[in-house]
Amino acid sequence: MKQSSLAALLFSLTCFTARAQQLWRYDNANFKAIYFKEACDLIAKTPDLVLLDVRSPGEYADTSQSIESRIGRLKGSINVSIDSVQKHYTDLLAYKNRTILVYCSHSFRSRRVSKLLADSGFTHIYSLNGGMTEIDREPDAAFPCKASLYTTSVPYKLMGPEDAAIFARNPNNVVIDVRPAAQFKGIDSVEAKNIGRIKGAINVPKANFDQSIPGLEKYKDKPILVYDLSVSDAMTAASKLKAAGFKNVAVLFDGFDTFLLNFLSSSDIRKELVTAAPAYHLTGVQEAVDLVNNSPGLVIADMRPKDEFQNKSKQDFYNLGHIKNAVNFTDAQQLEEYLKGKPKNTPVLVYGTWSAAAAAQQMNNMQDIDVAPICKRLSSEGYTNVHLLFNGLFWTVWASANVDGQQDAKTILTDHEGLY
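Residues numbered from 1 in each chain as written. Predicted model: local features only at pLDDT ≥ 70, side-chain atom pairs only at ≥ 80, totals over all residues. Heavy atoms only, no water.

**Q** Describe the sheet that holds strand β1 (residues 32–34), and please don't skip the residues or the numbers.
**A** Ordered by their spatial adjacency, five strands build an open sheet running β1-β6-β5-β2-β4, and the pairing between neighbours is parallel. Looking at strand neighbours, the two that pair on one side only are β1 and β4 (78–79), the edges of this open sheet. As judged from the two bridges shared by strand β2 (residues 50–53) and β4, these two strands associate in the parallel manner. Each residue of the ladder has a partner; that of D53, found in β4, is N79. Here helix α2 (residues 36–45) sits on the sheet in contact with β1, β2, β5 (100–103) and β6 (125–128), set at roughly 110° to β1. Sheet strands in contact with helix α5 (residues 108–119) are β1, β2, β5 and β6, and its direction is about 175° off that of β6. (Pairing = 2+ DSSP bridges. Helix = DSSP H or I, 4+ residues; strand = E, 2+ residues; numbered from the N terminus. Contact = heavy atoms within 4.5 Å. Axes fitted to C-alpha atoms, helices over the stretch in contact; angles between N-to-C directions.)

**Q** How would you explain the pairing of strand β9 (residues 174–177) if you had to name every residue and give the values?
**A** Side chains of β9 alternate between two faces, with V174 and I176 and V175 and D177 buried alike. Sheet topology note: the β9/strand β12 (residues 224–227) ladder contains four bridges and is parallel. From the neighbouring strand, V174 faces β12, where its bridge partner is I224. (Buried < 20%, exposed > 50% of the residue type's maximum accessible area, 1.4 Å probe, protein only.)

**Q** Go over the layout of surface pockets, please, and point to the residues and values.
**A** Approximately 590 Å³ is the volume attributed to the second largest pocket. If you trace the second largest pocket, you find 30 residues lining it, with R137, L261, N262, V403 and Q406 closest to the centre. Here the element with the most residues in the lining of the second largest pocket is helix α19 (residues 392–402); it accounts for five residues. Class assignment for the residues of the lining of the second largest pocket results in 13 nonpolar, eleven polar and six charged. (1 Å grid on protein atoms, 1.4 Å probe; cavity = no way out; pocket = protein on both sides within 12 Å on 5 of 7 lines; lining within 4 Å. Points joined across faces, edges and corners; volume = space filled by probe spheres on them. Nonpolar A, V, L, I, M, F, W, Y, C, P; charged D, E, K, R; others polar.)

**Q** Give a description of the sheet that holds strand β13 (residues 249–252) that names residues and reports values.
**A** Within the open sheet, the five strands sit side by side as β8-β13-β12-β9-β11. Their pairing is parallel. Looking at which strands have only one partner, the edges of the open sheet turn out to be β8 (157–159) and β11 (202–203). Alignment of β9 against β11, held across two bridges, turns out to be parallel. Residue pairing for β11: I176 is matched across the bridge by I202. Along the sheet, helix α8 (residues 161–169) makes contact with β8, β9, β12 and β13, crossing β8 at roughly 100°. Set on the sheet, helix α11 (residues 232–243) makes contact with β8, β9, β12 and β13; between it and β13 the angle comes to about 180°.

Structure (structure tokens):
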């Protein structure tokens, strides 16, 4: 989750009285929660199905002020934003006896609206797990009806991690990294932003991208993939390339961190395509599940504040339970003391609440300590098997309910009874 999107999410969570996590409790009870492959079948078999997009009008039309929210929509959908459902409730009653598939960007809003409709007597309600975010991340081949159903007005293609890996393997293609030079080189003052780069990528920093376009003219007819860490910069750069007449431009959807975390840190794809990675392992949800289930002696370091670990935070959406067998450390020194005397090859999994990059920015309402420097320090002390759960606990919980293939993430979570 990118920083601007996370800020919007935190704001929305504080504006609703119900806990976002609690709504997942109603999946397949009040309404049916389905993944995009199931949605393809449902759409094909239900000629009178209603597609209901509950995002804002700007998101729906790809005209949002936040460029990272311009991520396409499903053809034939009607737009009733979540904050206007009450106003348009009478209009929605016309669909009460029809099958309705509700979607948004990440499936927070779609679940709220699905529950509202189900509680109001609508009997055939489906919510799309992961929303448009998961549709854009998935490879085209994995979404059978994407070609006929997906539409967008943005001038560039949004490319998920697996398709991006295929793209980067082709030596005739051009990959442009628009992060600052310090991040590209892995020497940024914020450790969580030093996560490597795609081999062979050209660094054209956002700050001087306009002046650099003439120098990129030699690539005008080549396929180009643009990426950064917070996808908005890549989208802005891609728009500028298209405006300058570049023919075939794509954006690595949801940023370079999403690309990395889609593959195991030990995978051939990471070894082949990524360079300048930190000494510790940047770990995604599926790898964390594998570590918890298959790593004897694993030390799981929960670096959240004590009130969050105990589910006693005054802000309910911080109360997520924790990973099984995790030990709560409130600072790096506590963790280092705990590790003293253990072999240097001891597997260690470190996590906070949100993504490491977001926590490092010290956003308002965020209590997380910066966990990436802790992992760097442990590696410098000789620990060879340190893993950073890069996107944190919140998005591990989210993935367990929204990412097809990562449902087993819930099996490594505990102390969350009544939360999700």
